[in-house]
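Fold and contact review
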Amino acid sequence: MSNVATGTRIRPLDELDIGSIVRIDERITGIYRPDVWEQRAGYYLRRDPDASQVAEVDGKVVGFMLGEIRSGEFGLEEPSGWIERFGIDPDQRGKDLGKQMFAAMCRHFKGRGAHVIRTLVDRKETGVTGFLDALGFKPSALQALEIAL
């Protein structure tokens, strides 16, 4: 059973959150990557500024979920929500913050006409796949393909 954090607020991402995302990512990966996150956050803020969400606990950003609405890609004409990057400070896990950010993104996507949300996952990342499974994601008829260069 999860423990919902008190003093929690879920809100849209803004550019002032990039430093917090860098900090969270470094706690998760052990790698300091400010350039990566400045570029990625900027991309989502330009494409769909209200889609991506952050979780605050007692005024401090402790989680993020980045995504957007897309249509016309991969032969899919209908608008689809895409969740592409997310992370929660390891000290804040188990408090339903990911579920709350996901719910906020679902509301945004539905309000923009999406009927489905998609993501890609490396099945070897069991923590990520477990989280997505818990949210209700299922395998899709779409298949990711790749070729080595």
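The preceding data block contains the structure.
Residues numbered from 1 in each chain as written. Predicted model: local features only at pLDDT ≥ 70, side-chain atom pairs only at ≥ 80, totals over all residues. Heavy atoms only, no water.

**As for the overall build of the protein**
- Summing up its helical and strand segments, the protein has 4 helices and 5 strands in all.
- In the protein, the succession of α and β elements from N to C terminus is β-α-α-β-β-β-α-β-α.
- Relative to a compact globule of 149 residues, whose C-alpha radius of gyration would be 15 Å, the protein shows 15 Å and is just as compact.
- Dimensions of the protein, computed from C-alpha atoms along their principal axes, come out at roughly 45 × 40 × 35 Å.
- The contacts of the protein with a sequence gap of at least 6 include a subset with a gap of at least 24, amounting to 64%. (Helix = DSSP H or I, 4+ residues; strand = E, 2+ residues; numbered from the N terminus. Rg over C-alpha atoms; globule rule 2.2 N^0.38 Å. Contact = heavy atoms within 4.5 Å.)

**Here's the deal with the nonpolar core**
- Core analysis: the largest hydrophobic core is formed by 18 residues, its most contacted members being Met-65, Ile-83, Leu-97, Phe-102, Phe-109, Ile-117 and Phe-137.
- Within the residue set of this core, elements represented by two or more residues are strand S2 (53-57), strand S3 (60-70), strand S4 (80-88), helix H3 (97-111) and helix H4 (126-135).
- Residue contributions to this core peak at 5 residues, all from H3.
- With sequence-adjacent residues up to four places away left out, Phe-137 is seen in contact with Phe-102, Ile-117, Arg-118, Thr-119 and Leu-132.
- In this structure, Ile-18, Trp-37, Val-54 and Phe-64 belong to the second largest nonpolar core, which totals 12 residues. (Core = buried A, V, L, I, M, F, W, Y, C linked by side-chain atoms within 4.5 Å. Buried < 20%, exposed > 50% of the residue type's maximum accessible area, 1.4 Å probe, protein only.)

**Details of the pattern of salt bridges**
- Here the structure, examined in full by the defined rule, presents 15 salt bridges.
- The residue Arg-47 makes a salt bridge to Glu-68 at a minimum N-O spacing of 2.7 Å. With Arg-47 in helix H2 (residues 34-47) and Glu-68 in strand S3, the pair connects residues that are 21 residues apart, well separated along the chain.
- Three or more residues are tied together by salt bridges with common partners; here these are Arg-9, Arg-11, Asp-14, Asp-17 and Glu-56. (Salt bridge = Lys/Arg side-chain N within 4 Å of Asp/Glu carboxyl O.)

**Here we look at the packing of aromatic side chains**
- Applying the stated rule across the entire model yields 4 aromatic pairs.
- Ring geometry for Tyr-43 and Tyr-44: centres 5.0 Å apart, planes at 85°, overall edge-to-face.
- Judged by its relative accessible area of 22%, Tyr-43 is partly exposed.
- Here Phe-86 and Phe-131 contribute two aromatic rings whose centre-to-centre distance is 5.2 Å and whose plane-to-plane angle is 50°, an arrangement assigned as tilted. (Phe/Tyr/Trp six-rings, centres within 6.5 Å; stacked < 30°, edge-to-face > 60°.)

**Topic: the environment of Asp-17**
- With respect to the helices and strands, the residue Asp-17 is situated in the loop between strand S1 (8-12) and helix H1 (18-29).
- Assessed through its relative accessible area of 4%, Asp-17 is described here as buried.
- In this structure Asp-17 touches Arg-11, Pro-12, Val-54 and Val-61, once residues within four positions along its chain are discounted.
- Only 2.8 Å separates the side chain of Asp-17 from the backbone nitrogen of Asp-14, close enough to count as a polar contact. (Polar contact = N/O pair within 3.5 Å; in protein donor to acceptor, adjacent residues only side chain to side chain.)

**Thoughts on the sheet that holds S3**
- In space, the 5 strands of this open sheet follow the order S1-S2-S3-S4-S5, with mixed pairing throughout. Edge positions in the sheet fall to S1 and strand S5 (117-118), since each of these pairs with one other strand and no more.
- Relative to S5, S4 runs parallel, the two sharing 2 bridges. Bridged to Trp-82 within S5 is Arg-118. (Pairing = 2+ DSSP bridges.)

**With respect to the packing of H1 against H2**
- Contact geometry for H1 and H2: axes closest at 9 Å, N-to-C directions at 130°. When the interaxial angle is binned, H1 and H2 end up oblique. Seen along the crossing, H1 lies across H2 with a hand that is right-handed. Residues Ile-18, Ile-21, Val-22 and Asp-25 of H1 form the contact with H2, whose participating residues are Pro-34, Trp-37, Glu-38 and Ala-41. (Axes fitted to C-alpha atoms, helices over the stretch in contact; angles between N-to-C directions. Parallel < 35°, antiparallel > 145°, perpendicular 65-115°, else oblique. Left-handed = near helix turned anticlockwise from the far one by under 90°.)

**So, H2**
- The terminal C-alpha atoms of H2, which comprises 14 residues, lie 20 Å apart, in line with the 20 Å expected from a rise of 1.5 Å per residue.
- Those residues of H2 that fall on the buried side of the exposure criterion are Trp-37, Arg-40, Ala-41, Gly-42 and Tyr-44. (Expected span 1.5 Å × (residues − 1).)

The values reported here are purely geometric and, on their own, carry no functional implication.
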